[in-house]
Amino acid sequence: MTTSPRGQQPSSPAEPPPGCPAHASGGRRDDRFADAVRLYGPEVEADFDAVEARLRRTHGPVAPVRLSGDVGAWLILGYQENLQAMRNSTLFSRDPRNWNVELAPDSPLAPLTAWAPLPNLTDGPEHARLRGAVTHALETFDRQGVRRYAVRCAHQQIDSFAEVGKADLVSQYTEQLPLRVVARLLGLDEQHVPQLITSVRDMLTGSATAVHSNALISGLLNDLFMQKRRAPGHDITSSLIRYKTDPARTDAVLTEDQLRDEVREHLRLLLTVAHAPTASLLASTLRMTLTDARFRGRLAGGQMSMPHAVEQTLWDQPPFPRLVGRWVKADTVLGRYDLRKGDLVVHAIGAANTDPAIRPEDGEPVHNNSSHLTFSAGEHVCPGQELGRAIVETGVDTLLERLPDYRLSVGQEAVLEHQALMSRVLESLPVEFTPVPRHFPHEQEVVRRPQPAPVAPQHAPAPPPAAPQQQARRRSLLGRR
Ligand code: HEM
């Protein structure tokens, strides 16, 4: 029997014949998804938006789909229905141990759904404890200090191609800047940053050397833990250690090894969750400045501030177009369907942001409104959103300021975006521009100089002053929100 809308055919699970090859998930047979649309494969990946629009027309706000390996799941397309699932942690769990499916060991879904004691995979008091450490660490940083540091990192990165007159903004800028900023906020010495950037990018792309890179990252993070345990500073690592060893904040008494492992895994999570979506958002916003004359014109002319420009991109091109996911904790109804305890739901964030029920279809810009679901909602709402926004806003702004005439060096059709289930990636953004001198004389000098605490504004020197016309431009771009 196939999945059927509520009020039509009832659905019922069949018992699994042991070892049946039809059970691609490795779990019990679930015929409710037998005829569901596949949300994987080259055809779907070529145009996810069209597939989701068809699903919305056919099924309404919630649709049955099959993920890789024909694993059944509910794709939530409606804005209100997504919000409902994100906010109701009694009914929708973030803990994958609630799943009624046992994946084949080599399933591509395994890395996305394997449980670990991390904030994004836990509920209730355990989630509160793990998340508390992260939010506390992020909140101790001064906002303006972070922005100043992001500007400094952007200048360093632009210096690597400013004199050449051409660059690929993806590999040379958007893929570098978020990690550069986050690595410094973690407290990592600047000399280790290039190694970390290479290893994290390698690990995330799952290349042949990903395991080796993962081990390198573990080594760097273990060393960082030891260093900050001996000599704490004003950085995320020291803050995590302080939080986790403060008896007033946590009941869990950790051994030294447990403390090191927990802190290391938190740091690894922060590096990965911070890098990929921020790099994607930066690339999407830069692409808009290169391909949409109205967008760039409004920015340059001051009709649209930089925060508004980034918010528009957050609505239209969310870095996680879909989010896997939440697990149903008790039978319930969502959209037109009966969901069962243990079912997986996938948040179609891009589809939710363009739901005709909340947004006109005419493509008009969304002004003064940040109620998109790009950072999710509820108890798990992204705690790094201000940092992500700060990196992207300063990243775009600094580039416009340094290289005001940057333009695509290929046709727009050559700018290719690839979407996978949970990611949106631009392959490259080749640009050309009038070469400009470096901002910092030499990278080496910057490295040799004593490093400012990136987040304490009273100690952090501002980057060298911009030329007067650049300062004027800066005010116009960052001045309004
Ligand atoms: C534009 C950039 C970013 C986007 C679009 C984004 C989006 C998201 C989304 C959709 C979630 C899932 C929430 C859920 O499970 O319902 C999430 C979780 C998370 N994000 Fe972000 N994020 C961004 C940047 C960052 C940064 C810069 C950091 C930290 C430095 C960060 C740290 C986290 C953490 C720790 C979680 C897990 C929170 C929890 O489950 O309690 N993110 N983010």
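These figures come from a predicted structure and were not determined experimentally.

## Focus: the sheet that holds strand β2 (residues 62–67)
Paired through their backbone hydrogen bonds, the strands of a sheet run either parallel or antiparallel.
Argument step 1. With respect to topology, 6 strands assemble into an open sheet ordered β1-β2-β3-β9-β6-β4, the strand pairing being mixed. Two strands in the sheet have a free side with no partner beyond their single neighbour: β1 (37–38) and β4 (92–93).
Argument step 2. Pairing of β1 with β2, which is carried by 2 bridges, proceeds in the parallel orientation. Of the residues in β2, the one forming a bridge with arginine 38 is arginine 66.
Argument step 3. In the packing of helix α2 (residues 48–59) onto the sheet, the strands contacted are β1, β2 and β3 (71–76), and the crossing angle to β2 comes to about 135°.

## Examining the nonpolar core
Argument step 1. Within the largest apolar cluster, 67 residues are counted, with the highest numbers of intra-cluster contacts made by Ala150, Val181, Val182, Leu186, Leu196, Leu270 and Leu282.
Argument step 2. In terms of residue count, the dominant contributor to this core is helix α12 (residues 256–291) (12 residues).
Argument step 3. Sequence-distant contacts of valine 181, that is, excluding residues within four places in its chain, are made with Tyr149, Ala150, Cys153 and Ile391.
Argument step 4. The next biggest cluster of nonpolar side chains, apart from the first, holds 39 residues, and it includes Phe33, Ala63, Tyr337 and Leu339.

## Side note on the packing of helix α5 (residues 124–139) against helix α11 (residues 236–244)
Argument step 1. In the contact formed by α5 and α11, the axes pass within 9 Å of each other and the chain directions differ by 135°. Between α5 and α11, the interaxial angle falls into the category oblique. The handedness of the crossing between α5 and α11 is right-handed. Here Gly132, Ala133, His136 and Ala137 of α5 come into contact with α11, specifically with Ile236, Ser239, Leu240, Tyr243 and Lys244.
Argument step 2. Across the contact of α5 with α11, the residue classes tally to 5 nonpolar, 3 polar and 1 charged.

## Quick word on the site of the ligand
Argument step 1. With respect to spatial proximity, 27 residues lie near the ligand, and among them Pro277, Ser376, Cys382, Gly384 and Gly388 are the closest.
Argument step 2. Of all the elements in the fold, those that place two or more residues in the shell around the ligand are α5, α12 and α16 (385–402).
Argument step 3. Take the shell around the ligand: its biggest share by element is 7 residues, from α12.
Argument step 4. Of the residues assigned to the shell around the ligand, the class counts are 17 nonpolar, 8 polar and 2 charged.

## A closer look at the packing of helix α14 (residues 306–316) against α16
Argument step 1. The interhelical angle for the contact between α14 and α16, taken along N-to-C directions, is 115°, at an axis separation of 10 Å. At the point where α14 passes α16, the crossing takes the right-handed sense. Where α14 approaches α16, its residues Met306, Pro307 and Val310 are matched on the opposing element by Arg389, Val392, Glu393, Val396 and Asp397.
Argument step 2. Across the contact of α14 with α16, the residue classes tally to 5 nonpolar, no polar and 3 charged.

## Focus on the sheet that holds strand β13 (residues 430–432)
Argument step 1. Taken together, 3 strands build an open sheet; the order of strands is β5-β13-β10 and the sheet is antiparallel. Unpaired on one side and paired on the other, β5 (166–168) and β10 (407–408) mark the two borders of the sheet.
Argument step 2. Here β5 pairs with β13 via 3 bridges, running antiparallel. Looking at β13, one finds that lysine 166 is bridged to glutamate 432.

## A look at the confidence of the model for the chain
Argument step 1. Confidence in the prediction for the chain averages 85 pLDDT; 84% of positions are at 70 or higher.
Argument step 2. In this model, residues 7–27 is a region of pLDDT below 50 whose contacts with residues beyond four sequence positions or in other chains number 33 contacts.
Argument step 3. Predicted confidence for residues 445–481 stays below pLDDT 50, and this span has 59 contacts to residues more than four positions away or in other chains.

About the criteria used
- The numbering scheme is per chain: residues are counted from 1 as the chain's sequence reads.
- Since the coordinates come from a predicted model, pLDDT governs what is reported: local features require at least 70, and pairs of side-chain atoms require 80 or more to be given and counted, while whole-chain, interface and lining totals use all residues.
- What makes two strands pair is DSSP finding at least two bridges between them.
- The numbering of helices and of strands both runs from the N terminus, where a helix is a DSSP run of H or I of at least 4 residues and a strand a run of E of at least 2.
- For the purpose of contact definition, each residue receives a C-beta atom placed from its backbone, and two residues are in contact when these atoms lie within 7 Å.
- Axis angles are defined between N-to-C directions and span 0 to 180 degrees, where every axis is a line fitted to C-alpha atoms and, for a helix, only to the segment in contact.
- A set of buried Ala, Val, Leu, Ile, Met, Phe, Trp, Tyr and Cys residues, joined through C-beta atoms within 7 Å, is what we mean by a nonpolar core.
- The burial criterion counts other C-beta atoms lying within 10 Å of a residue's C-beta, which is placed from the backbone; the residue is buried at 20 or more, exposed at 12 or fewer, and partly exposed between these limits.
- In these notes the angle categories are as follows: under 35 degrees is roughly parallel, over 145 is roughly antiparallel, 65 to 115 is roughly perpendicular, and the rest is oblique.
- If you view the pair so one helix is near and one far, a crossing is left-handed when the near helix is turned anticlockwise from the far one by less than a right angle, and right-handed when it is turned clockwise.
- Charged residues are taken to be Asp, Glu, Lys and Arg, nonpolar residues to be Ala, Val, Leu, Ile, Met, Phe, Trp, Tyr, Cys and Pro, and polar residues to be all remaining types, Gly included.
- All residues are tested the same way: a C-beta atom is placed from the backbone, and lying within 6 Å of a molecule or strand makes the residue near it.
- Confidence per residue, as judged by the predictor, is encoded in pLDDT with a range of 0 to 100.

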